[in-house]
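# Residue-level structural notes
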Amino acid sequence: MIQPRARRTKRGRAVLAGGLLAFAVLQVAGGEVIDRCCPSLRDPEYNRKLAALRAQAVAHDGRPLLLALGTSRTAFGFCAAADGAATAWQFNFGLTGIGPVQQLVYFRRLLAAGVRPAHLLIEIHPAFLHQTPTWCETRAVDVRKLDLRDLAVLRRYAYEPVELMRRWVAGRLSPWHAYRVELIARLKATWSDGTHRRDEQMLADTDACGWSRYPVRPADAAERTRLGRLCAGLYAAPLNDFAVSDAPAKAVAEMLELCRREHIDAALVLMPEGRPFGELYTPLAQRRLNEYLAQVRRTECVPVFDCRRWCDDEQFCDGQHLLPAGAAAFTARLRERHLSPWLASRTKATTELARRRINFAKQPKNSPPSLRRDQ
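Since this is a predicted model, take the numbers as computed values, not measurements.

## Digging into the pairing of strand β2 (residues 89-92)
- The two faces of β2 match: Trp89 and Phe91 on one face and Gln90 and Asn92 on the other face are all buried.
- Sheet analysis places strand β1 (residues 65-69) next to β2, joined by 4 bridges and oriented parallel. Bridge pairing links Leu67 to Phe91 in β2.

Pasting the structure below:
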């Protein structure tokens, strides 16, 4: 018997509404599962390094921490494990594909997690100091990594905050789709085609102190030159027409202000660059960069370590990422020329402060930040 048209329409609408409701519930549940049970899916690179940092804090209980925060240049170039300085233990928190604005986001994350280094080494990547609406961090950021607090920080520095919010909301509304590749790889590695996150592939060989071995090694000098020119070409536009933009400059200033507020000694470092990058700087670009660094040194009262010309081309893979031997040589020179004198000058001031700092590795995981400091 054929049902009346009105009854069939009503039933169809009920089925459609039920399906939409079930879909919404599954998406919300998926987001909650990822947040509570698998937070590393959102930002595996950060969570892996934070776990390693916590583990190292246990081994170095009572000693002040020197934390290096920077780009992939820092991640592959600063051998924190190779430094045996007695004044502070060191950890490399370099992350791939970030500039000053995202460094600020991660620094705030670390502070919220209870991490209070005695010393913070902040990398300055010159190309990221010049940002435009078409070449900026917030346009290329992986919004899947962001929580609401991260988004609030990024929106203050975004050229298109509405578009940033739209991308973030879209990912939050469909977590099963946004993280489908990572979920498949987590369930069974053989089901994945190996194309999941680039940061996991790049930083697969990372030691206990956060330093990573660069996974690519050029076959010969010609291959090294080709890779160097290819990599430098990605930054040609911001360096050829270089001028320090407001957003990255304000992000650096905000990081330094947070350091003062938290009684953290800060220093800036410019990591080594090969010849292909050196050739990109026009005289005007070099003068503007030097003026900016001099201004920060003067107004913020922080040391600036300019190490761009420290390494030969043979020590790089592509003009900006140091190979293991180059990283070891650079770290040894940085320790001798800058870090040891800097740390020695601050030892007396930080020793007593370090005793009062939170040992975040021993605190309950979910304790509120206000309870993570000795009263």
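Anyway, onward from the coordinates.
## A word on the sheet that holds strand β5 (residues 304-306)
- One open sheet accounts for 5 strands, arranged β2-β1-β3-β4-β5; its pairing is parallel. Taken across any chain shown, the strands that pair with only one partner, and hence form the sheet edges, are β2 and β5. Here the strands of the sheet are splayed against their neighbours by 20° on average, with no regard to which way each runs.
- In this sheet, strand β4 (residues 265-270) lies alongside strand β3 (residues 119-123) in parallel orientation, the contact comprising 5 bridges.

## Description of the packing of helix α13 (residues 246-261) against helix α15 (residues 283-300)
- Running from amino to carboxyl end, α13 crosses α15 at an angle of 25°, the nearest separation of the two axes being 12 Å. As far as their axial angle goes, α15 and α13 are roughly parallel. Crossing handedness for the pair α13 and α15: right-handed. Two secondary-structure elements touch here, α13 through Ala249, Val252, Ala253, Leu256 and Arg260 and α15 through Tyr292, Val296 and Glu300.
- Tallied by class, the residues present in the contact of α13 with α15 amount to 6 nonpolar, no polar and 2 charged.

## Observations regarding the packing of aromatic side chains
- Taken as a whole and judged by the stated rule, the model has 10 aromatic pairs.
- Arranged with centres 5.6 Å apart and planes meeting at 40°, the rings of Phe128 and Trp135 form a pair that is tilted.
- Take Trp135: its relative accessible area is 24%, and that puts it in the partly exposed class.
- Between Tyr235 and Phe277, the aromatic rings sit 5.7 Å apart at their centres with planes inclined by 45°, giving tilted as the arrangement.

## Regarding the environment of Thr74
- Among the structural elements, Thr74 can be located in helix α3 (residues 72-77).
- In sequence terms Thr74 and Asn92 are 18 residues apart; their C-alpha atoms lie 7.3 Å from each other.

## Quick word on unusual backbone geometry
- A positive phi angle is found at His263, which is not glycine, with a value near 60°.
- In this structure, His263 sits in the loop between α13 and β4.
- Exposure remark for His263: the relative accessible area of 54% places this residue in the exposed category.

Calculation rules
- Residues numbered from 1 in each chain as written.
- Predicted model: local features only at pLDDT ≥ 70, side-chain atom pairs only at ≥ 80, totals over all residues.
- Heavy atoms only, no water.
- Buried < 20%, exposed > 50% of the residue type's maximum accessible area, 1.4 Å probe, protein only.
- Helix = DSSP H or I, 4+ residues; strand = E, 2+ residues; numbered from the N terminus.
- Pairing = 2+ DSSP bridges.
- Axes fitted to C-alpha atoms, helices over the stretch in contact; angles between N-to-C directions.
- Parallel < 35°, antiparallel > 145°, perpendicular 65-115°, else oblique.
- Left-handed = near helix turned anticlockwise from the far one by under 90°.
- Contact = heavy atoms within 4.5 Å.
- Nonpolar A, V, L, I, M, F, W, Y, C, P; charged D, E, K, R; others polar.
- Phe/Tyr/Trp six-rings, centres within 6.5 Å; stacked < 30°, edge-to-face > 60°.

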